[in-house]
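# Chains, contacts and geometry: an overview
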Amino acid sequence: MTTSADVPQAVTEAAPAAVRAAIPAAIPAAVRARVPVTLSRVRDRSADLITFHHLPDPGEHFAVLVHAAPGDTTPPLVRLHSECLTGDVLGSARCDCGPQLDEALQRIADHGGAVLYLRQEGRGIGLYNKLDTYVLQSQDHDTFAANRMIGRGDDERDYGAAAAMLHALGLTRIRLLTNNPDKVRELRAHGIEITEVIPTGVYVTAENSRYLSAKAELAGHTLALLQEAAA
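Summary of the structure given here. (Residues numbered from 1 in each chain as written. Predicted model: local features only at pLDDT ≥ 70, side-chain atom pairs only at ≥ 80, totals over all residues. Heavy atoms only, no water.)

Quick look at the pairing of strand β2 (residues 45-53) now. As paired elements, strand β1 (residues 30-39) and β2 share 9 bridges and run antiparallel to each other. Each residue of the ladder has a partner; that of Val-31, found in β2, is Phe-52. Hairpin geometry of β1 and β2 is characterised by an intervening segment of 5 residues between the two adjacent antiparallel strands and by a positive phi of about 55° at Arg-43. In the sheet, β2 pairs with strand β3 (residues 62-66) via 3 bridges, with the strands oriented antiparallel. The residue of β3 that forms the bridge with Ile-50 is Ala-63. (Pairing = 2+ DSSP bridges. Helix = DSSP H or I, 4+ residues; strand = E, 2+ residues; numbered from the N terminus.)

Laid out in structure tokens, this is it:
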């Protein structure tokens, strides 16, 4: 069966309107499985782990959903969290990913909402490539320059799958927990209404301060404490 993913973009743009109308639209994402679990990192609250069909990329992304209190009409709090095995699992001090994940889980435990765990290790370049860039960063190259030195982009992530997950969950009006302006722009472009952007904490260590400064200065991340220190 032919889907829109099988038709080159140039073909769809050049085709007559009648032909374009006959090309099937992309299949919307849908919930595949919903598994209730008790999570110690969400203060022993019950949460749903949710997987999906028909996401626009092959990553095994999933959602952690905590329901808000009955009668709470506040838009749910959502965090898009890109996988970081070294930070999330091992507690590496070279980044702020582990503390950001803990903060997001604690906040949704208090208020309800969702963490979308996106399998985009190393800003989309993968674990091995990320560790290769760590070697270059140890030689005094910033995180973005190190990516380019191994032939990869500064940030290869795409948030189309995250938007598809939110649509599948019916979470199209949200508060977004992020310091990253790209996440805000991309979700809005995919039809997600963001009523409030809430910055995460800034988790500075001796090992990650240069990395965080590069995110603030070169990628426009909202890291207020670092920006104030540089002023």
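What follows is about the sheet that holds strand β4 (residues 77-82). Pairing is mixed in the open sheet, where 7 strands are placed in the order β1-β2-β3-β5-β4-β6-β7. The open sheet is flanked by β1 and β7 (193-198), the only strands paired with a single partner. Looking at each pair of strands side by side, their axes are set apart by 25° on average, direction ignored. Pairing between β3 and strand β5 (residues 113-118): 5 bridges, direction antiparallel. Bridge pairing links Val-64 to Val-115 in β5. The sheet strands contacting helix α4 (residues 97-111) are β2, β3, β4, β5, β6 (173-177) and β7, and the helix crosses β5 at an angle near 150°. (Axes fitted to C-alpha atoms, helices over the stretch in contact; angles between N-to-C directions. Contact = heavy atoms within 4.5 Å.)

Here we take up helix α8 (residues 160-169). The buried fraction of α8 amounts to 8 of the 10 residues, a majority that puts the element mostly inside the structure. For α8, every residue scored as buried is listed here: Gly-160, Ala-161, Ala-162, Ala-163, Ala-164, Met-165, Leu-166 and Leu-169. Following α8 by one or two positions, Gly-170 adopts a phi angle in the positive range, close to 75°. (Buried < 20%, exposed > 50% of the residue type's maximum accessible area, 1.4 Å probe, protein only.)

Topologically, Thr-200 is positioned in the loop between β7 and α10 (209-219). C-alpha separation for the pair Thr-200 and Asn-180, spaced 20 residues apart in sequence, amounts to 9.7 Å. Look past the residues within four positions of Thr-200 in its chain and what remains in contact with it is Arg-79, Gln-100, Glu-103, Leu-177, Thr-178 and Asn-179. Side-chain polar atoms of Thr-200 contact the side chain of Gln-100, separated by 3.0 Å. Separated by 2.7 Å, the side chains of Thr-200 and Asn-179 make a polar contact. (Polar contact = N/O pair within 3.5 Å; in protein donor to acceptor, adjacent residues only side chain to side chain.)

Under the criterion given, the structure shown has 11 salt bridges. Among the salt bridges present, the one from Glu-103 reaches Arg-107, with a minimum N-O distance of 3.0 Å. With Glu-103 and Arg-107 both in helix α4 and 4 residues apart, the pair spans about one turn of that helix. Given the relative accessible area of 28%, Arg-107 is considered partly exposed. (Salt bridge = Lys/Arg side-chain N within 4 Å of Asp/Glu carboxyl O.)

Structurally, the position occupied by Thr-86 is in helix α3 (residues 85-89). Among residues more than four places away in sequence, those in contact with Thr-86 are Gly-91, Ser-92, Glu-121, Leu-127, Lys-130, Leu-131 and Tyr-134.

Core analysis: the largest hydrophobic core is formed by 25 residues, its most contacted members being Leu-80, Leu-116, Leu-166, Ile-174, Leu-176 and Leu-187. Elements that contribute at least two residues to this core include exactly β2, β3, β4, β5, α8, β6 and α9 (181-189). At 6 residues, α8 tops the list of elements feeding residues into this core. Setting aside anything within four residues of it in sequence, one finds Leu-187 in contact with Leu-80, Tyr-159, Ala-162, Ala-163, Leu-166, Ile-174, Leu-176, Ile-192 and Ile-194. Ala-104, Leu-105, Ala-109 and Ile-198 belong to the second-largest nonpolar core, a separate cluster that totals 14 residues. (Core = buried A, V, L, I, M, F, W, Y, C linked by side-chain atoms within 4.5 Å.)

The next thing to look at is the environment of Leu-105. Structurally, Leu-105 can be placed in helix α4. For Leu-105, a relative accessible area of 9% puts it in the buried group. C-alpha separation for the pair Leu-105 and Leu-39, spaced 66 residues apart in sequence, amounts to 9.5 Å. Those residues in contact with Leu-105 that sit more than four places away from it in its chain are Arg-41, Val-42, Val-64 and Val-115.

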